[in-house]
Amino acid sequence: MNSIEVLIIGAGAAGSSAAFHLANSGVQVTIVDKKHGFLLKPCGGGMAASVQKWFPFSLEPIIEEVIQKVEFTWCLSDHVIAQLPGSSPFWITRREKLDELITQKAIEQGATLLQSFEVVKIFKIEGQWIITSKDGQQLKSKCVVIADGSSSPWAREFNLGPKNLHYASTTSIRVNGKGLLKEGTSRFEFGLVHHGFAWAFPLKDSVNIGVGTFIGNHAVESEKILNELMPSLGFDPKAGIRNDSRLRVWNGHSNLHGDGILVIGDAASLCDPFLAEGLRPALLSGCEAAKCIINWLKGNTTELSSYTKSMKKKWGDSMAWGRRISQVFYRFPKIGYQLGIKRPTAPQRIAQILSGEMGYGDIAQRVIKRLILKS
Ligand SMILES: Cc1cc2nc3c(=O)[nH]c(=O)nc-3n(C[C@H](O)[C@H](O)[C@H](O)COP(=O)(O)OP(=O)(O)OC[C@H]3O[C@@H](n4cnc5c(N)ncnc54)[C@H](O)[C@@H]3O)c2cc1C
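These numbers come from a predicted model, not from an experiment.

Participant: Describe in detail the overall build of the chain, supporting the description with residues and values.
Facilitator: Counting its secondary structure elements, the chain contains nine helices and 18 strands. Taken against the 2.2 N^0.38 rule, which gives 21 Å for 375 residues, the C-alpha radius of gyration of the chain at 20 Å falls within 12% of a compact globule. For the chain, buried positions account for 57% of its 375 residues. Of the roughly 16100 Å² that the chain leaves accessible, carbon and sulfur atoms contribute 51%. Taking the average location of the 44 positive side-chain charges in the chain and that of its 33 negative ones, the two points are 6 Å from each other.

Participant: Go over the site of the ligand, please, and point to the residues and values.
Facilitator: Of all residues adjacent to the ligand, which total 34 residues, the nearest are Asp-33, Gly-44, Gly-46, Arg-95 and Asp-266. In the model, a nitrogen atom of the ligand is placed 3.0 Å from a nitrogen or oxygen of the Lys-34 main chain. Looking at the shell around the ligand, the elements with two or more residues in it are α1 (13-24), β12 (166-176), β14 (196-202), β16 (241-249) and α5 (279-297).

Participant: For unusual backbone geometry, give the residues involved together with the corresponding values.
Facilitator: Here Leu-76, not a glycine, exhibits a phi torsion of approximately 65°, which is positive. Secondary-structure assignment places Leu-76 in the loop between β5 (69-74) and β6 (77-83).

Participant: Tell me about the domain arrangement of the chain, and name the residues and values.
Facilitator: For an interface, size is often stated in terms of accessible area lost upon the parts coming together. The domains assigned to the chain are domain 1 (3-64 + 92-163 + 251-322) and domain 2 (166-248). Domain 1 and domain 2 are separated by 27 Å when their C-alpha centres are compared. Between domain 1 and domain 2, the contact holds 26 residues from the first and 20 residues from the second. For the pairing of domain 1 and domain 2, the buried interface totals around 1800 Å² over both sides, and the portion due to carbon and sulfur atoms is 55%. At the boundary of domain 1 with domain 2, the tally comes to two salt bridges. Between Arg-174 and Glu-96 there is a salt bridge, with the nearest N and O atoms lying 2.8 Å from each other. Here domain 1 is connected to domain 2 by eight residue pairs in polar contact (both at pLDDT 80 or more).

Participant: Can you explain the nonpolar core? Please cite residues and give values.
Facilitator: Core analysis: the largest hydrophobic core is formed by 111 residues, its most contacted members being Ile-8 and Phe-190. Broken down by element, the residue count for this core peaks at eleven residues, all from α5. Built from parts of two domains, this core gets at least three residues from each of domain 1 (3-64 + 92-163 + 251-322) and domain 2 (166-248). Non-local contacts of Phe-190, meaning those with residues more than four positions away in its chain, are made with Phe-72, Thr-73, Trp-74, Cys-75, Gly-196, Phe-197, Phe-329, Tyr-330, Tyr-337 and Ile-341. Of all hydrophobic cores here, the second largest spans 18 residues; its members include Ile-173, Val-175, Leu-226 and Leu-233.

Participant: Describe the sheet that holds strand β13 (residues 185-190), and please don't skip the residues or the numbers.
Facilitator: Each strand in a sheet pairs with another by means of backbone hydrogen bonds, the pair being arranged parallel or else antiparallel. Across the sheet, seven strands lie side by side as β6-β5-β13-β14-β15-β12-β16; this open sheet has mixed pairing. Each edge of the sheet is formed by a strand with only one pairing partner; in this case those strands are β6 and β16. Neighbour-to-neighbour, the strand axes of the sheet open up by a mean angle of 20°, direction not taken into account. With seven bridges joining them, β14 and strand β15 (residues 206-213) adopt antiparallel strand pairing. Across the sheet, the residue bridging to Ala-198 is Val-211, located in β15. Sitting on the sheet, helix α7 (residues 333-341) touches β5, β6 and β13, and the angle it makes with β5 is about 145°.

Participant: Lay out the pattern of salt bridges with the relevant residues and their values.
Facilitator: Per the stated rule, a full pass over the model turns up 15 salt bridges. A salt bridge links Lys-238 to Glu-223, with the nearest nitrogen and oxygen atoms 3.5 Å apart. Remark: Glu-223 occurs in helix α4 (residues 222-232) and Lys-238 occurs in the loop between α4 and β16; sequence separation between them is 15 residues. Using a relative accessible area of 57% as the deciding quantity, one classes Lys-238 as exposed. Given a relative accessible area of 39%, Glu-223 falls into the partly exposed group. Among the ionic contacts, a cluster of salt bridges with common partners joins Lys-41, Arg-95 and Asp-99.

Participant: Residues and numbers for the sheet that holds strand β4 (residues 63-67), please.
Facilitator: Strand order in the open sheet formed by three strands is β3-β7-β4, with antiparallel pairing between adjacent strands. Across the chains shown, the open sheet's two edge strands, defined by having one partner strand only, are β3 (46-48) and β4. Taking the axes of each pair of neighbouring strands and ignoring which way they run, one obtains an average angle of 35° across the sheet.

What counts and how
- Residues numbered from 1 in each chain as written.
- Predicted model: local features only at pLDDT ≥ 70, side-chain atom pairs only at ≥ 80, totals over all residues.
- Heavy atoms only, no water.
- Helix = DSSP H or I, 4+ residues; strand = E, 2+ residues; numbered from the N terminus.
- Rg over C-alpha atoms; globule rule 2.2 N^0.38 Å.
- Buried < 20%, exposed > 50% of the residue type's maximum accessible area, 1.4 Å probe, protein only.
- Areas by Shrake-Rupley, 256 points an atom, 1.4 Å probe, with all protein chains shown as cover.
- Lys, Arg positive; Asp, Glu negative; His and termini not counted.
- Charge placed at Lys NZ, Arg CZ, Asp CG, Glu CD.
- Near = heavy atom within 4 Å.
- Polar contact = N/O pair within 3.5 Å; in protein donor to acceptor, adjacent residues only side chain to side chain.
- Domains from an automatic or database assignment.
- Contact = heavy atoms within 4.5 Å.
- Buried area = accessible area lost by both parts, 1.4 Å probe.
- Salt bridge = Lys/Arg side-chain N within 4 Å of Asp/Glu carboxyl O.
- Core = buried A, V, L, I, M, F, W, Y, C linked by side-chain atoms within 4.5 Å.
- Pairing = 2+ DSSP bridges.
- Axes fitted to C-alpha atoms, helices over the stretch in contact; angles between N-to-C directions.

Take a look at the structure:
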């Protein structure tokens, strides 16, 4: 069995980003995924345009809508319509197309993709990783990147990521047609969802609708919420393809590397615990992991610790504040809506946070103080 330089488990946003950056630097990389083809995933597909800076090719082919306005409601009334600042554009993408585009670009740079390859065993022998699939195929590599998403068993097995995993509970739906959603406008509903929110993001000819709760590890009561939410968006309550899933969210600073092994994306619990933004950290972690692996393969460094350090600085420090905001906001959401969302500067701040221009730390102390004083 020949040894590969880097093996990536999972061809999602995180794995494809790592594969592209590694292959683009001439590293021999194989990416495996248990699925065949790029299928519908539970994801709103919303992401800040600022992610473009991490890729030398255009992401334009997968942008279906550019969001200019955001409409917020509390229990389907008390509307706030906010114009997004033109400086921080927000895109809605068809998620499966995003994964496919980046994987395709990785393949063009020399990466190999093996689909229908479900990893069931990983072990190390004589400095090499041996990865076994469900149907008994084996691959050998110098380095392994764990990018298998929120249900990853491997992060825990290799002591990577937070010790205590925290999950958001979600239901997502893709519905054909645009309903009552106006062009270039996305919707956020607070109030109907206990400890969370609902969203509607427009695509070219359909809408991604979702419901998520962020505190308490309990299942979201989606049926009841959707019976009210869907008609308000102009859809039959039973329309669309539904998908219930658990999303691993950020839960404390943690070690994201071991000896020749790294964890990225949802498997590393990087997703924002307040707004469920997971695409940007998935793409960023793929990019940062690749930089660190390239140095390690060249022998410039003997360990992969610079990846853990750079993710703490570029992502974790902001998420530590995001988690505190989430815990206060979702406990007192009515006050949060009045004092946070309805403030004239709120949409601009949210857009700046989602684009990376600002971190939660820049606003956290003021927001938490306001929420606690009024609760
Ligand atoms: C309902 C919902 C809505 C969301 N909306 C947004 C949004 O609008 N914007 C945003 O930024 N984030 C959103 N997120 C978060 C975002 O979807 C995730 O953070 C993102 O998918 C993380 O990408 P990933 O590559 O880490 O994981 P994934 O996309 O889950 O990729 C993991 C890959 O690994 C493969 N895999 C799994 N196990 C194995 C195995 N054993 N062997 C081989 N392959 C395996 C899977 O098939 C999959 O392709 C949402 C999440 C949910 C649940």
